[in-house]
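Commentary on secondary and tertiary structure
The residues making up each chain are set out below.
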Amino acid sequence: MTDGQYVARIVDVPGSGLRLEPAEGSARPEQPTEVNLLGMAVALALGAAGYQHHPETRDPELQTIDALLAGEAVMPWHHPERQSDAMVVCEPGPAGFRCRVEPAGGSDD
């Protein structure tokens, strides 16, 4: 993952939501704008994969985008038909980040 790719396992935290567990060597941007773009791309990928906001409200002082991407915060998202062992995979590009959710074993593409 030396190409700037961000990869994280999606960990279900019962009753609270989910936490991202970044893979070893996973790259996180340092610039605030890029951090926000990656956070939005992750959220869009989760939504496209059927994840929804958990009824628990977010604590904006503890649950920041930086903390989410670092795997330090639980965010209020869940999947109504929980898919185990899913990963979010994000690749940088000229227009930001492109993310997808796939099984932990990798995509079948």
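Now for a description of the structure that goes with this document. The shown structure was predicted, so the numbers you read here are calculated from the model rather than taken from an experiment.

Description of the nonpolar core
Formed by 20 residues in total, the largest nonpolar core has its most connected members in Tyr6, Ile10, Leu20, Val42, Val88 and Cys99. Of all the secondary structure elements, the ones that give two or more residues to this core are strand 1 (6–13), strand 2 (17–22), helix 1 (32–48), helix 2 (65–70) and strand 5 (86–93). Leaving out residues up to four positions away in the same chain, Val88 has contacts with Tyr6, Val7, Ala8, Ile10, Leu20, Val42, Ala45, Cys99, Arg100 and Val101.

Let's talk about the sheet that holds strand 5
Across the sheet, four strands lie side by side as 2-1-5-6; this open sheet has antiparallel pairing. Each edge of the open sheet carries a strand with a single partner, namely strand 2 and strand 6 (96–103). Pairs of neighbouring strands in the sheet enclose a mean axial angle of 30°, with direction left out of account. Pairing geometry for strand 1 and strand 2, over six bridges, is antiparallel. Bridging across to strand 2, Ile10 finds its partner in Leu20. Sheet strands touched by helix 1: strand 1, strand 2, strand 5 and strand 6. Its angle to strand 6, the strand with the most contacts, is close to 35°.

Reading the values: the criteria
- Residues numbered from 1 in each chain as written.
- Predicted model: local features only at pLDDT ≥ 70, side-chain atom pairs only at ≥ 80, totals over all residues.
- Heavy atoms only, no water.
- Core = buried A, V, L, I, M, F, W, Y, C linked by side-chain atoms within 4.5 Å.
- Buried < 20%, exposed > 50% of the residue type's maximum accessible area, 1.4 Å probe, protein only.
- Helix = DSSP H or I, 4+ residues; strand = E, 2+ residues; numbered from the N terminus.
- Contact = heavy atoms within 4.5 Å.
- Pairing = 2+ DSSP bridges.
- Axes fitted to C-alpha atoms, helices over the stretch in contact; angles between N-to-C directions.

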